[in-house]
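The lines below spell out each chain.
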Amino acid sequence: TPIYQEAGDVGNRTLWVVFVIMLISSIAFYAMAFRVPVQKRLFHILTAFITTFATISYFAMAVHDGVGKNEITIKHTQKHFPDTFQTVYREVYWARYIDWSVTTPLLLLDLCLLAGLGGANILVAIVADVIMILTGLFAAFTVEEGPKWGWYAMACIAYLVVVYQLAFNGRGVVQNKDKKTATFFSAIAGFTLVLWTIYPIIWGVADGSRNVSVDSEIVAYAVLDILAKPVFGFWLLFTHDSMSGTATLE
Ligand code: RET
């Protein structure tokens, strides 16, 4: 008998709550954008766009568009039933990947501009990031376990490229800026790398091996998304506003 893994009340309610949080944050970020001179607005606009895309994607998931089903046959090697095969149908929230394919490059752009990275490095970080999300999407919809983890491995390699750009190149080049910007970059890039590293772990136990319920998956991503977008955004913009003219883009 196949197993069906679907969201329940907890998951659905969580999706609505995050939708509202993303919506309110977006309005706040646009309001903050209007209060700074237009030359300082790029970070504000970028950050507002990030939560705008998240608002749309959480709405899509909450009304149950942006959700598909994926069937996979998992081989169990249990004590009493050696080598039994179990078909698992699980809801896959593909709207997340649409969201991430746009918002993670924008988040990286925020960080790259803060550090003052050059065009080539920014492009490498962003392209690697898009490859990470797309291969993650293919991983989510494969029907066999082998290829699934193959795609996952590719996504992880792409992620390492992103980490390298931020942690090595970003950290190096930000030293050319003032001390306040350098310290702030280390803090917010460190926060980002810790958060981002949790995503593939959740994916591995939820979508990947399917040991975690859809509800728990939704709650875990909800917490991470709130930290990675609104909390990240408020931190970036308040700090940037307080650094009088130092950490502007150009
Ligand atoms: C996947 C699965 C495949 C392996 C890796 C992944 C990484 C995902 C990341 C997502 C970050 C999302 C953010 C969202 C903001 O709200 C695709 C889960 C490495 C890093 C920051």
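In short, a report on the structure. On a predicted model such as this, the values are computed, not experimentally measured, just so you know.

Thresholds, definitions, all that
- Residues numbered from 1 in each chain as written.
- Predicted model: local features only at pLDDT ≥ 70, side-chain atom pairs only at ≥ 80, totals over all residues.
- Heavy atoms only, no water.
- Near = heavy atom within 4 Å.
- Polar contact = N/O pair within 3.5 Å; in protein donor to acceptor, adjacent residues only side chain to side chain.
- Areas by Shrake-Rupley, 256 points an atom, 1.4 Å probe, with all protein chains shown as cover.
- 1 Å grid on protein atoms, 1.4 Å probe; cavity = no way out; pocket = protein on both sides within 12 Å on 5 of 7 lines; lining within 4 Å.
- Sits in = over half its atoms within 2 Å of the grid points.
- Helix = DSSP H or I, 4+ residues; strand = E, 2+ residues; numbered from the N terminus.
- Nonpolar A, V, L, I, M, F, W, Y, C, P; charged D, E, K, R; others polar.
- Phe/Tyr/Trp six-rings, centres within 6.5 Å; stacked < 30°, edge-to-face > 60°.
- Buried < 20%, exposed > 50% of the residue type's maximum accessible area, 1.4 Å probe, protein only.
- Core = buried A, V, L, I, M, F, W, Y, C linked by side-chain atoms within 4.5 Å.
- Contact = heavy atoms within 4.5 Å.
- Axes fitted to C-alpha atoms, helices over the stretch in contact; angles between N-to-C directions.
- Parallel < 35°, antiparallel > 145°, perpendicular 65-115°, else oblique.
- Left-handed = near helix turned anticlockwise from the far one by under 90°.
- Salt bridge = Lys/Arg side-chain N within 4 Å of Asp/Glu carboxyl O.

1. Quick word on the site of the ligand
Close to the ligand lie 14 residues, the nearest being Ala-155, Trp-196, Tyr-199, Asp-225 and Lys-229. Note that an oxygen atom of the ligand is positioned 3.2 Å from one of the side-chain N or O atoms of Asp-225. Between the ligand and the protein, one listed contact pairs an oxygen atom with a side-chain N or O atom of Lys-229 at 2.8 Å. When the ligand is considered free in solution it has 540 Å² of accessible area, and contact with the protein chains removes 100% of it. A majority-of-atoms criterion places the ligand in the largest cavity. For the shell around the ligand, the secondary structure elements donating two or more residues are α3 (95-115), α4 (119-141), α5 (145-174), α6 (179-208) and α7 (214-242). With four residues, α6 is the single largest residue contributor to the shell around the ligand. Of the residues contributing to the shell around the ligand, the split by class is 10 nonpolar, two polar and two charged.

2. With respect to the packing of aromatic side chains
Using the criterion set out here, one finds 18 aromatic pairs in the structure. Ring geometry for Tyr-152 and Trp-203: centres 5.2 Å apart, planes at 25°, overall stacked. On the criterion of sequence distance, the pair formed by Tyr-152 in helix α5 and Trp-203 in helix α6 is long-range, its members being 51 residues apart. Neither Tyr-152 nor Trp-203 differs from the other in exposure class; each is buried.

3. Considering the nonpolar core
Generally speaking, nonpolar side chains in soluble globular proteins are found buried as a group. Within the largest apolar cluster, 53 residues are counted, with the highest numbers of intra-cluster contacts made by Phe-185 and Leu-236. Of all the secondary-structure elements, those providing two or more residues to this core are α1 (9-34), α2 (42-62), α3, α4, α5, α6 and α7. If one sorts the elements of this core by residue count, α6 sits on top with 12 residues. Leaving out residues up to four positions away in the same chain, Phe-185 has contacts with Leu-111, Leu-114, Ala-115, Leu-166, Gly-170, Arg-171, Val-174 and Gly-190. Counting 15 residues, the second-largest nonpolar core is a separate cluster that includes Phe-19, Met-22, Ile-218 and Ala-222.

4. Regarding the packing of α3 against α7
As a packed pair, α3 and α7 sit with axes 12 Å apart at the nearest point and diverge in direction by 30°. For the element pair α3 / α7, the angle class is roughly parallel. Where α3 crosses over α7, the handedness of that crossing is left-handed. Along the contact surface, α3 presents Arg-96, Asp-99, Trp-100, Thr-103, Leu-107, Asp-110, Leu-111 and Leu-114, while α7 presents Glu-217, Ile-218, Tyr-221, Asp-225, Ala-228, Lys-229, Phe-232 and Leu-236. For the contact of α3 with α7, the per-class residue count stands at nine nonpolar, one polar and six charged.

5. Some remarks on the packing of α2 against α7
Running from amino to carboxyl end, α2 crosses α7 at an angle of 160°, the nearest separation of the two axes being 10 Å. Viewed along their axes, α2 and α7 adopt a mutual orientation that is roughly antiparallel. For the crossing formed where α2 meets α7, the hand is left-handed. Here α2 contributes Phe-43, His-44, Thr-47, Ile-50, Thr-51, Ala-54 and Tyr-58 to the contact with α7, which in turn contributes Tyr-221, Ala-222, Asp-225, Lys-229, Pro-230, Gly-233, Leu-236, Leu-237, His-240 and Asp-241. Its residues assigned to classes, the contact of α2 with α7 shows nine nonpolar, five polar and three charged.

6. Some details on the pattern of salt bridges
Within this structure, the stated rule accounts for six salt bridges. Between Lys-69 and Glu-6 there is a salt bridge; the shortest N-O distance is 3.1 Å. Pair noted here: Lys-69 is in strand β2 (residues 68-76) and Glu-6 is in the loop between β1 (3-5) and α1, with a separation of 63 residues, a long-range link. Among the residues examined, Lys-69 registers a relative accessible area of 44% and is labelled partly exposed. For Asp-9, the salt bridge goes to Arg-13, with nearest N and O atoms at 3.9 Å. Here Arg-13 and Asp-9 lie together in helix α1, a separation of four residues that amounts to about one turn. Shared partners join several salt bridges into a network, and the residues in it are Arg-90, Asp-207 and Glu-217.

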